[in-house]
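Notes for the structure review
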Amino acid sequence: MSFKPKFLKPGEELLAFEEERSSVADLDYSKVIFNPYSSLSIEQQRQQLPIFQYRNHLLYLLECFQTLVIVGETSCGKSTQVPQYLLEAGWSSNGKQIGVTEPRRLSATTYMTEGTLVREMMADPLLNSYSVIMVDEAHERSVYTDILLGLLRKIIRKRPDLRIIISSATLEAEILRNFFNTNESKNSSKDTATIISIEGRNFPVDIHYVCEPVPNYVQACVDTVIKIHRFEPGGGILVFLTGQEEVEHVVRLLINYARTLKNHSTERKLLILPLYAALPTTDQMMLQASENMVIQRSQIRRIKGLGKFLLAKLFNFSRSDPSSMKVFKSVSRYVRRVIVATNIAEASLTIGGISYVVDCGFVKLRWYNSNSCTDCLVVVPVSQASADQRAGRAGRVCSGKTYRLCTEEDYLKLPAQTCPVIQRSSLASVILQLKALGIENILRFNFPAAPPAKNVINALELLYALGALDDNGQLTSPLGLRMSEFPLHPMFAKMLLVSGDFECSEEAVIIVAMLHVENIFISPPGQGLQARKAKYGFSVKEGDHITLLNVYNAFIKENKSRKWCTQHFLNYKGLMRAEEIRKQLAKFLTKFKIPLVKTEGDVDAVCHCIVAGFFANSAYLHYSGVYKTICGDHTLYIHPSSVLYSQKAPQCVVFSEVLHTSKEYMRDVTAVEPSWLCELAPHYYQYRTARELAAQ
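Let me begin by describing the structure that accompanies this report.

Criteria and thresholds
Residues numbered from 1 in each chain as written. Predicted model: local features only at pLDDT ≥ 70, side-chain atom pairs only at ≥ 80, totals over all residues. Heavy atoms only, no water. Helix = DSSP H or I, 4+ residues; strand = E, 2+ residues; numbered from the N terminus. Buried < 20%, exposed > 50% of the residue type's maximum accessible area, 1.4 Å probe, protein only. Contact = heavy atoms within 4.5 Å. Areas by Shrake-Rupley, 256 points an atom, 1.4 Å probe, with all protein chains shown as cover. Patch = residues over 30% accessible without salt bridge, like charges linked within 9 Å, V, L, I, M, F, W, Y side chains within 5 Å. Salt bridge = Lys/Arg side-chain N within 4 Å of Asp/Glu carboxyl O. Lys, Arg positive; Asp, Glu negative; His and termini not counted. Charge placed at Lys NZ, Arg CZ, Asp CG, Glu CD. Pairing = 2+ DSSP bridges. Disulfide = S-S within 2.5 Å. Axes fitted to C-alpha atoms, helices over the stretch in contact; angles between N-to-C directions. Nonpolar A, V, L, I, M, F, W, Y, C, P; charged D, E, K, R; others polar. Polar contact = N/O pair within 3.5 Å; in protein donor to acceptor, adjacent residues only side chain to side chain. Parallel < 35°, antiparallel > 145°, perpendicular 65-115°, else oblique. Phe/Tyr/Trp six-rings, centres within 6.5 Å; stacked < 30°, edge-to-face > 60°.

A short note on the overall build of the protein
Along the protein, the regular secondary structure elements total 25 helices and 20 strands. The buried share of the protein, taken over its 696 residues, is 56%. When contacts within the protein are restricted to residue pairs at least 6 apart in sequence, those whose partners lie at least 24 apart make up 75%. Of the roughly 31100 Å² of accessible surface on the protein, 51% is carried by carbon and sulfur atoms.

Quick look at a negative patch on the surface
A contiguous patch of negative charge on the surface is contributed by Glu503, Asp602, Asp604 and Glu673. Positionally, Asp604 belongs in helix H23 (residues 603-614).

Things to note about the pairing of strand E15 (residues 400-404)
Among the five residues of E15, four are classified as buried, and the element is accordingly described as predominantly covered. Here strand E8 (residues 205-210) pairs with E15 via five bridges, running parallel. Counted as the bridge partner of Tyr209 is Arg404 from E15. In this sheet, E15 lies alongside strand E12 (residues 354-359) in parallel orientation, the contact comprising four bridges. The partner of Val357 across the bridge, within E15, is Thr402.

Regarding the state of the cysteines
A complete count under the given rule lists zero disulfides for this structure. Counting only cysteine sulfurs, Cys360 is the nearest neighbor of Cys406, a cysteine outside any disulfide, at a range of 9.9 Å.

A look at the packing of helix H6 (residues 143-158) against helix H7 (residues 173-180)
One can describe the packing of H6 onto H7 by two numbers: an axis separation of 10 Å at closest approach and a directional angle of 40 degrees. Contacts between H6 and H7 involve Leu149, Gly150, Leu152, Arg153 and Ile156 from the first element and Leu176, Phe179 and Phe180 from the second. Residues that form the contact of H6 with H7 fall into these classes: six nonpolar, one polar and one charged.

Section: the side chain of Thr242
Among the structural elements, Thr242 can be located in the loop between strand E9 (236-240) and helix H9 (244-260). Note on Thr242: relative accessible area 7%, which makes it buried. Among the polar contacts made by the side chain of Thr242, one reaches the side chain of Glu246 at a distance of 2.7 Å. Residues within four places of Thr242 in sequence aside, it is in contact with Tyr217, Thr342, Cys360, Phe362, Val363, Lys364 and Val379.

Focus on the side chain of Lys628
Structurally, Lys628 is set in strand E17 (residues 627-629). No salt bridge is formed by the buried Lys628. Its closest oppositely charged neighbour is Asp633, at 4.8 Å. Side chain to side chain, Lys628 and Thr635 meet in a polar contact 2.9 Å long.

Some points on the packing of helix H18 (residues 505-515) against helix H20 (residues 544-557)
Relative orientation of the contacting elements H18 and H20 amounts to 100 degrees, with a least axis distance of 9 Å. The angle between H18 and H20 places the two elements in the roughly perpendicular class. Facing H18, whose interface residues are Glu507, Ile510, Ile511, Met514 and Leu515, H20 presents His545, Ile546, Leu548, Leu549, Val551, Tyr552 and Asn553. By residue class, the composition of the contact of H18 with H20 is nine nonpolar, two polar and one charged.

Considerations on the sheet that holds strand E6 (residues 163-168)
The six strands lie next to each other as E4-E3-E5-E6-E2-E7, forming an open sheet whose pairing is parallel. Unpaired on one side and paired on the other, strand E4 (112-113) and strand E7 (193-198) mark the two borders of the sheet. Sheet analysis places strand E2 (residues 67-72) next to E7, joined by six bridges and oriented parallel. Directly across from Val71, in E7, lies its bridge partner Ser197. Contacting E2, strand E3 (97-102), strand E5 (130-135) and E6, H6 runs over the sheet at an angle of about 150 degrees to E5.

What to know about the pairing of E8
The buried fraction of E8 amounts to six of the six residues, a majority that puts the element mostly inside the structure. Burial along E8 is two-sided: Val205, Ile207 and Tyr209 and Asp206, His208 and Val210, pointing in opposite directions, are all buried.

Here's the deal with the environment of Leu365
In this fold, Leu365 is placed in strand E13 (residues 362-369). Residue classification places Leu365 among the buried residues on the basis of a relative accessible area of 12%. C-alpha of Leu365 to C-alpha of Leu377: the two residues are 12 residues apart in sequence and 5.5 Å apart in space. In contact with Leu365, other than residues within four places in its own chain, are Cys376, Leu377, Val378, Val380, Thr418 and Arg424.

A word on the packing of aromatic side chains
Counting across every chain of the model gives 11 aromatic pairs. Note on Tyr209 and Tyr411: the rings are 5.9 Å apart at their centroids and 50 degrees apart in plane angle, and the pair reads as tilted. Of the two residues, Tyr209 sits in strand E8 while Tyr411 sits in helix H13 (residues 408-413), which places them 202 residues apart along the sequence. Summarising the burial analysis for this pair, Tyr209 and Tyr411 share the class buried.

Considering the pattern of salt bridges
Counted under the stated rule, the structure contains 18 salt bridges. The partner of Arg46 in a salt bridge is Glu43, with the nearest N and O atoms 3.6 Å apart. Here Glu43 and Arg46 lie together in helix H2 (residues 42-48), a separation of three residues that amounts to about one turn. According to the relative accessible area criterion, Glu43 is partly exposed, its value standing at 33%. Several salt bridges converge on common partners, so that one network encompasses Glu506, Lys560, Glu579, Arg582 and Lys583.

What follows is the structure, given as structure tokens:
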């Protein structure tokens, strides 16, 4: 496999301290730190950030325009400095607050998530308690990003005093500016929105492409890492793959290669580390590393949504065990660190010491299939914007190189931007939230990117089937109103709200909590057989949902023992997180006066409750041996990780989600009786015998 280089034009003239560190070969990675200005005072450190020279421009534009779009490169300081500039300029006076939102909970340690602010609008539709709303990392275009932007567009028309700041590393700024430009008068030329661009502090990065397409990008990633290690000077390597399974597979292959280096005392050793969202917190750092981001402690208490997130960026600390920060630790000059990651390392996390990036060119995205009415996880080519974000990881501390496992011609054919989430997702939760906010005509709601009409229709049909909407498309009371208050998909909310009728509310809360934690079962390298045996000990014929219930109950019975989790190959941190989620969901049921009761071993009652929420996600066993969705007759398969995969195939199942890789796999599957579907959703299904169907 060979690469052809393409040199990118260098950025601005580098500072003296950066020029001293610009050589990859001379860089001592045991001494690399994230904040080279640590010897300066806090105020002096703030002035070293690229955004500082734009401070007055930002404040002036905010006085003149109601909406300000900041296109700021990564590491320019926009996330931490802009809220401070607003505070210092008096935007938090008169009892008003400065709100800052982040799309990911990982980044939003004490900021608000976008969903939090949307729910806050239910009590304060015009956000009268805020003077400025800053929507950070808007380029990720999550579902709630687009909902929030659409709602803010409506709000600023009734609140001329409210200011909106939209910041992003990569963003189609013109589209957002035009979207928020509320001037509709033909006789007036005054705009209400504007754009400002801020440079970052990245070093130049050489981009290399393959001469011919690679047949297997996973193996090609391994081969590329080995070649970099053999022929390139020191520096960390960051490998981008699509999911956990690929990450773990590549880690195993690289570990095997690293073991062969033990016999070569003159060759630099390799430290192989995985990084993905579901990685247990004992193996990753849950707070973003610091990178020249500063904030004065005295100001933290005065800004809503600011706190330990910013402190973590400055002081590089976490309340978690320091031993969990493996991917962020400095290493000896005689060791090369290789981090194998999913797209979580693309923007949300900053890892120091990376000089080489290997980009597989693909990403796993959630995509709604309007034909089968299911959410699928699909592996698709990345966009040019995402590829550029990945390449930028190699130029944070010194000049670097990026190896793209595609030809340059293929790169130029990639879409410029990643498709917004709202255009590829189920809209049931979106419409439920908008209905709860009083937006009756969904079709006339202004989204920054309009979702497909078929997705809207499917969402309305599902909400109607769940009982959340009436014949006129209005929220039902109390069911629809209560469902809108849950921070869950409507199917989960319906399951919880009817659990009292089946006298299994305690079990339902546990199951929903466990389903919102990834990878309860873990499989360490080299211990796959033992892990499968341990999982088999919890498995039951009813399927995955009841198996998860058994795991949680056993965990509680063992007094939440970490040692017990290790022995049974269970994710201790994940189970503790499930316990927190369970408590939060139980408070919702208490609020709605739904009794928290347990069944006395009545598994059928729990399964009935699951069907009441997920009857739309059902499939039957076809005579050909595959499963077909009852609604749409779409072909599906049971995922190999399901406990039902190795059992006798049940005649009918319900499932939580679909994963689309080589096939479309159902995950979190429970075996049910076909008659239950008609019993619990007679408005959705009709039961007919085989003789009746043949007669038709």
